[in-house]
Structure formats: C-alpha cells, structure tokens
Amino acid sequence: MKVLITGGAGYIGSHTAVELIEAGCRIVIADNFSNSSLVAVKRIRSITETEVPCYFADLRREETVTRIFRNERPDAVIHFAGLKAVGESNEHPVAYYDHNLGSMIQILKAMRTYNCRNLVYSSSATVYGGEAEMPVMEDAALQTTNPYGRTKKMIEEMLMDTSGAYPEMCITALRYFNPIGAHRSGLIGEDPLGIPNNIAPFITQVAAGRRGYLQIFGNDYETADGTGIRDYVHVTDLAKGHIAAINKGAGRNGYHVYNLGTGYGTSVLELVHMFRLVSGKRIPYVITPRRPGDAAVSFADTSKAERELGWKAELSLEDMCRDSWNWQQKNPAGYRSEMIMEVETL
Ligand code: NAD
Ligand code: UDP
C-alpha cells in the first residue's frame, strides 16, 4: 500500500511515517514546513534506511495537490497537515479555517478525481469540549470552545457528508488525546517553535535548564491533587493506531470515529513527578490561575478502537517521559541542533 502522509514532517506525522515504513508500506510526505523541519524527513530516512519522497507543498493549493496525486497515485491518505494551537486560533481564526478546512477540501477533491478511497484524519479530543462525562465515548455530544476545535468538528462533519455521498470510500477520524514522548532512538520528537503551548515539551525544557520554571495552570480543580487530568499517550502508540486504521480502511466502507488514548488520566503534578524521576532533574514550578478554556479532566474510553481496530496503547507514562527526555537531551535546540552543528563545523 502506498500512503500519502500530509504534514508528515510534523510531530505525529513523522512518527507515523516511521511506523508505516516499518510495517512495509510505501510512503510519500507532503508538507509546507510551516511548523516543521526538513531535518525530520532526513531523520525518518536514517531511522528506516529508506528513501522517502517528500513534496514541499502548500496543500491549500488545488494544482499542487493534483500534481502530487497525479505523480504518486496513493492508495490511502493520512491527513495530519494543519494548524493546531488553540490560543493562536483565537487570534487568527481565518488562518485556521483557511489551512485546516482548505487543505482538507483539496485532499478530498483529489481523492475523488484519482479514485483514492481510504482516508484517515487527525481529529482531536478537543471536539468533546470540557463538559463531557469521563471516560468519554465516541458518541458523546460534540462541543467546541475555540476556532481550532471548530475546524476539527467542521471537518468531521464534512467527512461524514462525503462518506454519505460516496459509500465506496472509507473515512476514519481518529480523536487523539494528549500525545507525548518521542521515537525511542531520540532522532525524532516534538519540536515546538518558540515557547511551547503543551505541557510535555515545556517540562523537558525546564528540566534541561532552557526555561526557569513550569507554570501549573490551576490547583483548584475537583481532582485528587487539584491539577488538571489528561490522557497522555505515547506518540509511537498513536502512530501504530494509524496503521491499524489504514489497514482496516482498506477492507471496508463508511465513516468511522475512534478515540486514541490510553484510557487513563494523569494529573499535571503526577506528570511532573514522573519527569523528575526519569530525568533526575529538578523541575521547579509555580501554581498560577487556571488557563481559560481548560477542561478539568479529559480521558478516553478506548474500547471501540480496541474492539474494532485491534489497537491498544502499550507504552507507559514512564516510557513517554523517558523518551521525551532522551529526545530533549540529544536535541537541546530541537531540529535546529543539527543545523547549528553543521554551521559550527563549517
Ligand atoms: P505539527 O504542527 O507538528 O504537524 C502538522 C504539519 O502540518 C506541520 O509539519 C506543518 O508544517 C504542516 N502544515 C500546516 N499547514 C499546512 C499546509 N497548508 N500545507 C502543508 N502542510 C501544512 O502537529 P502535530 O502535533 O503533528 O499534529 C498533527 C495533526 O494532529 C494536526 O492536524 C493536529 O490538529 C492534530 N492533533 C494534534 C494533537 C497534539 O497534541 N499534537 C492533538 C490532537 C490532534
Ligand atoms: N498545563 C500546565 N502548564 C503548561 C501547559 C499545560 O499546567 O505550561 C496543563 C493544562 O492546564 C492541562 C495539561 O497541562 O491540564 C495539558 O495541557 P496541554 O496544553 O499539554 O494539552 P491540552 O490542554 O490540549 O489537553
């Protein structure tokens, strides 16, 4: 099977690329590198010892997407490309609708033209909003609180309509909980530009001394230690969930939605504690007020993915923290570390 991975140079896309190649698939990456680095593609090549075709492509552009499909004729698409920062989406909603909806529409049009019938889409637990009962199941009511979340929900609706009109297609939306960790080699990982929005890269940068302290957003939630609870899932487990979905999609039709998480909730303080254990470093923190829009508790009911896809997360919180820390230590400035080293050796 030949799989087009949009956003394949990004955090989750790069890990999925590695797992797909190791599972025997041929892959093609398309990315505009607005939030990623060519070094990631180079590292995918070195982990897998495989040539990986890669297009520098803005997927909002119809002629670009058409050219990729005409050249590559993929059997399946995993669509990761898009913008993903909640705060930024409040400031620049039009950019979020443009990139997220725009690229999805072009991919769907090209899939129709080139008779490509198997699509896996990156959705998010954010579509459940903050009020759902936990653990949350896929049939819970959707409720979004920011433009980013609304693009995810709108795209799911677009995909449902598309599947209704073209029953020969198989479209699978995967709702990710909180992916953290990195490939066990430490060669690929999460490389946020600027100040990290998400907790795991922030903690590893504090542990490494790049930032002074972590701000814990609220310790007055109704949870055992008062801090927010999330379902952290190792990015390699998440990547394997895509393989399960794409394989399943090759043999069936319709629209399907799955939660991808571990099914367990971890508090911010528990996460900090685990990072401290695996790194042996101090992680200073201060408690600040809650971050507006944050849910108190979010964790998945993963029984549907287990039952229908045969997928279950296997790696522990310790594995996640250890692999994040390994990536941070080997790449103190993310992928820029490699560029800095190359410049220094000139
Ligand atoms: P990422 O930013 O690392 O990867 C996204 C990639 O898409 C980047 O490489 C970026 O350069 C590329 N891109 C953006 N706009 C593009 C465009 N118009 N054309 C071509 N490429 C474009 O993000 P990620 O964490 O790997 O997330 C991948 C997907 O998963 C996103 O759709 C995101 O919304 C979704 N998701 C992520 C998380 C998370 O916590 N990381 C959680 C839930 C859902
Ligand atoms: N969080 C925090 N400090 C940070 C970033 C996040 O305390 O610098 C908390 C946040 O309130 C939430 C959890 O960590 O309870 C996970 O936040 P993240 O932004 O990583 O994911 P999301 O909010 O999208 O689930």
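See the structure shown above.
Every value quoted in this text rests on a predicted model; they were computed, and no experiment measured them.

S.K.: If you had to explain the site of ligand 2 to someone new, which residues and values would you point to?
M.R.: Residues in contact with ligand 2 amount to 14 residues; listed here are only the nearest, Asn178, Gln215, Arg230, Arg291 and Asp294. In this structure, arginine 291 approaches ligand 2 through a side-chain N or O atom, which is 2.7 Å from an oxygen atom. Within the side chain of aspartate 294, a nitrogen or oxygen atom sits 2.6 Å from an oxygen atom of ligand 2. The element contributing the most residues to the shell around ligand 2 is strand S8 (residues 214-217), with four residues. Grouping the constituent residues of the shell around ligand 2 by class yields six nonpolar, five polar and three charged.

S.K.: Report on helix H7 (residues 199-207), specifying residues and quantitative values.
M.R.: The element H7 is largely enclosed, with a buried count of nine among its nine residues. Taken together, the buried positions of H7 are occupied by Ile199, Ala200, Pro201, Phe202, Ile203, Thr204, Gln205, Val206 and Ala207. Just downstream of H7 lies glycine 209, where phi reads positive at about 85 degrees.

S.K.: Now, about the pairing of strand S11 (residues 254-260): what can you tell me, with residues and values included?
M.R.: The buried fraction of S11 is high, at seven of seven residues. Residues of S11 alternate between two faces, with Gly254, His256, Tyr258 and Leu260 on one and Tyr255, Val257 and Asn259 on the opposite face, all of them buried.

S.K.: Explain the packing of helix H5 (residues 93-113) against helix H6 (residues 147-165) to me, using residue names and the numbers behind them.
M.R.: Direction vectors running N to C along H5 and H6 enclose 20 degrees, while the axes themselves pass 9 Å from each other. In terms of orientation, H5 lies roughly parallel with respect to H6. As H5 runs across H6, the sense of the crossing is right-handed. Between H5 and H6, the residues in contact are Pro93, Tyr96, Tyr97, Asn100, Leu101, Met104, Ile105 and Leu108 and Pro147, Tyr148, Arg150, Thr151, Met154, Ile155, Met158, Leu159 and Thr162, respectively.

S.K.: Explain the packing of aromatic side chains to me, and be specific about the residues and the numbers.
M.R.: Think of a pair of aromatic rings as described by two things: how far the centres are apart, and how the planes are tilted against each other in angle. All chains considered together, the criterion is met by four aromatic pairs. Between phenylalanine 33 and phenylalanine 56, the aromatic rings sit 5.3 Å apart at their centres with planes inclined by 70 degrees, giving edge-to-face as the arrangement. Separated by 23 residues along the polypeptide, phenylalanine 33 in the loop between strand S2 (26-31) and helix H2 (38-48) and phenylalanine 56 in strand S3 (residues 54-56) bring together distant segments of the chain. Its relative accessible area of 15% is what places phenylalanine 33 among the buried residues. A relative accessible area of 63% means that phenylalanine 56 is categorised as exposed. A cation over an aromatic ring shows up here: arginine 211 above the ring of phenylalanine 202, its NZ or CZ 5.9 Å from the ring centre. Cation over ring: arginine 290 sits above tyrosine 221, and NZ or CZ is 4.1 Å from the ring centre.

S.K.: Before we move on, can you summarise the packing of helix H1 (residues 11-22) against helix H8 (residues 235-249) with the specific residues and values?
M.R.: In contact at an axis separation of 8 Å, H1 and H8 are set at 60 degrees when each is read in the N-to-C sense. Taken together, the axis directions place H1 and H8 in an arrangement best described as oblique. Considering the relative orientation of H1 and H8, their crossing is right-handed. Residue-level contacts link Tyr11, Ile12, His15, Thr16, Glu19 and Leu20 of H1 to Val235, Thr236, Leu238, Ala239, Lys240, His242, Ile243 and Ile246 of H8. Looking at side-chain class alone, the contact of H1 with H8 contains eight nonpolar, four polar and two charged residues.

S.K.: Quick one: what's the story with the side chain of serine 122, residue by residue and with numbers?
M.R.: Structurally, serine 122 can be placed in strand S5 (residues 118-124). On the accessibility criterion, serine 122 (4% relative accessible area) is buried. Among all residues touching serine 122, those that are not within four sequence positions of it are His79, Phe80, Lys152, Leu174 and Tyr176.

S.K.: Which residues make up H6, and what values go with them?
M.R.: For H6, which comprises 19 residues, the first-to-last C-alpha distance of 27 Å matches the rise-based estimate of 27 Å (1.5 Å per residue) to within 8%. The set of residues buried in H6 consists of Pro147, Tyr148, Gly149, Thr151, Lys152, Ile155, Glu156, Met158, Leu159, Thr162 and Ser163. Contact partners of the buried residues in H6: helix H4 (86-91), H5, S5, strand S6 (170-176) and S11. The opening residue of H6 is asparagine 146, an N-cap whose side-chain oxygen sits 3.2 Å from the backbone nitrogen of tyrosine 148.

S.K.: Explain the site of ligand 1 to me, and be specific about the residues and the numbers.
M.R.: As a structural note, the neighbourhood of ligand 1 is formed by 25 residues, with Asp31, Asn35, Ser36, Lys84 and Tyr148 the closest of them. In this structure, lysine 152 approaches ligand 1 through a side-chain N or O atom, which is 3.0 Å from an oxygen atom. Relative to its unbound accessible surface of 810 Å², ligand 1 loses 96% to contact with the protein. Only H1, S5 and H6 provide two or more residues apiece to the shell around ligand 1. Residue contributions to the shell around ligand 1 peak at three residues, all from S5. Of the residues contributing to the shell around ligand 1, the split by class is 10 nonpolar, 11 polar and four charged.

S.K.: Explain the environment of isoleucine 180 to me, and be specific about the residues and the numbers.
M.R.: Mapped onto the elements of the fold, isoleucine 180 is located in strand S7 (residues 178-180). Classification of isoleucine 180 by relative accessible area gives buried; the value is 3%. Sequence spacing of isoleucine 180 and aspartate 323 is 143 residues, and the spatial spacing of their C-alpha atoms is 8.9 Å. Not counting the four nearest positions on each side in its chain, isoleucine 180 is found in contact with Tyr11, Ala200, Tyr232, Val233, His234, Val235, Leu271, Met320 and Ser324.

Cut-offs used in this document
- Residues numbered from 1 in each chain as written.
- Chains lettered and ligands numbered in written order.
- Predicted model: local features only at pLDDT ≥ 70, side-chain atom pairs only at ≥ 80, totals over all residues.
- Heavy atoms only, no water.
- Near = heavy atom within 4 Å.
- Polar contact = N/O pair within 3.5 Å; in protein donor to acceptor, adjacent residues only side chain to side chain.
- Helix = DSSP H or I, 4+ residues; strand = E, 2+ residues; numbered from the N terminus.
- Nonpolar A, V, L, I, M, F, W, Y, C, P; charged D, E, K, R; others polar.
- Buried < 20%, exposed > 50% of the residue type's maximum accessible area, 1.4 Å probe, protein only.
- Axes fitted to C-alpha atoms, helices over the stretch in contact; angles between N-to-C directions.
- Parallel < 35°, antiparallel > 145°, perpendicular 65-115°, else oblique.
- Left-handed = near helix turned anticlockwise from the far one by under 90°.
- Contact = heavy atoms within 4.5 Å.
- Phe/Tyr/Trp six-rings, centres within 6.5 Å; stacked < 30°, edge-to-face > 60°.
- Lys NZ or Arg CZ within 6 Å of the ring centre and 35° of its normal.
- Expected span 1.5 Å × (residues − 1).
- Areas by Shrake-Rupley, 256 points an atom, 1.4 Å probe, with all protein chains shown as cover.

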